[in-house]
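If you want the building blocks of each chain, they are given just below.
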Amino acid sequence: MPRYLIEVPHEAETLACARAVKIFLESGSHFLTHADWGCKDGEHKAWLFADVDNKDQARAIVPAAYRAHAKIVQLNPFSMEEIDELIRHHGG
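Residues numbered from 1 in each chain as written. Predicted model: local features only at pLDDT ≥ 70, side-chain atom pairs only at ≥ 80, totals over all residues. Heavy atoms only, no water.

**Q** Account for the overall build of the protein, naming residues and giving values.
**A** Secondary structure summary: the protein contains 5 helices and 4 strands in total. Starting at the N terminus and walking to the C terminus, you meet the elements of the protein as β-α-α-β-β-α-α-β-α. The C-alpha radius of gyration computed for the protein amounts to 17 Å, which surpasses the reference 12 Å derived for 92 residues by more than 25%, pointing to a less compact arrangement than a globule. Along the first, second and third principal axes, the C-alpha set of the protein runs to 55 × 30 × 20 Å. Counting the 92 residues in the protein, one finds 27% classified as buried. Of all intrachain contacts in the protein linking residues separated by at least 6 positions in sequence, the fraction that spans at least 24 positions is 64%. (Helix = DSSP H or I, 4+ residues; strand = E, 2+ residues; numbered from the N terminus. Rg over C-alpha atoms; globule rule 2.2 N^0.38 Å. Buried < 20%, exposed > 50% of the residue type's maximum accessible area, 1.4 Å probe, protein only. Contact = heavy atoms within 4.5 Å.)

**Q** Quick rundown of the pattern of salt bridges? Include the residues and the values.
**A** The tally for this structure, following the rule as stated, stands at 5 salt bridges. Glutamate 85 serves as the salt-bridge partner of arginine 88, at 3.2 Å between the closest nitrogen and oxygen. Of the two residues, arginine 88 and glutamate 85 are both situated in helix H5 (residues 80-89); the distance of 3 residues between them amounts to about one turn of the helix. In this structure arginine 88 comes out as exposed when scored by relative accessible area, which is 56%. Linked by salt bridges that have partners in common, Glu7, Glu43 and Lys45 make up one network. (Salt bridge = Lys/Arg side-chain N within 4 Å of Asp/Glu carboxyl O.)

**Q** Help me get a handle on the nonpolar core, residues and values and all.
**A** In terms of nonpolar packing, the biggest core is built from 17 residues, with Ile6, Val8, Phe24, Leu48 and Ile61 touching the most fellow members. Every element with two or more residues in this core is listed here: strand E1 (3-9), helix H1 (14-27), strand E3 (45-51) and helix H3 (55-61). (Core = buried A, V, L, I, M, F, W, Y, C linked by side-chain atoms within 4.5 Å.)

**Q** Report on the sheet that holds strand E4 (residues 71-75), specifying residues and quantitative values.
**A** Pairing in this open sheet of 4 strands is antiparallel, and the strands run E2-E3-E1-E4 from one edge to the other. Of all strands in the sheet, those with a lone pairing partner are strand E2 (36-37) and E4, marking the two edges. Alignment of E2 against E3, held across 2 bridges, turns out to be antiparallel. Across the sheet, aspartate 36 pairs through a bridge with tryptophan 47, a residue of E3. (Pairing = 2+ DSSP bridges.)

**Q** Residues and numbers for H1, please.
**A** For H1, which comprises 14 residues, the first-to-last C-alpha distance of 20 Å matches the rise-based estimate of 20 Å (1.5 Å per residue) to within 8%. Buried residues belonging to H1 abut E1, helix H2 (30-33), E2, E3 and helix H4 (64-67). Directly beyond the C-terminal end of H1, a positive phi value near 80° is found at glycine 28. (Expected span 1.5 Å × (residues − 1).)

**Q** Kindly report on the environment of histidine 30, identifying the contributing residues and their values.
**A** Inspection of the secondary structure puts histidine 30 in helix H2. Assessed through its relative accessible area of 55%, histidine 30 is described here as exposed. Separated by 31 residues in the primary sequence, histidine 30 and isoleucine 61 place their C-alpha atoms 9.9 Å from one another.

Dropping the structure here:
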């Protein structure tokens, strides 16, 4: 199953931070209640990981108020064999 990194920005004001965290915690969603936040370091975003079928499902995890600005990135590991083959294939 694909794995996604979900990055959810919010406004930099203290009240905006508190509201975003509260919305995530009150959702009851395992994904949202386990989000990591960068606010205390001046990076006003939440990050979470989700193992779901596609980007649409990953985006649907995000509360509606933050969904439009969320960044969804599909993550994938690489093995040494895959990288070696990729380099060989592209003449490296």
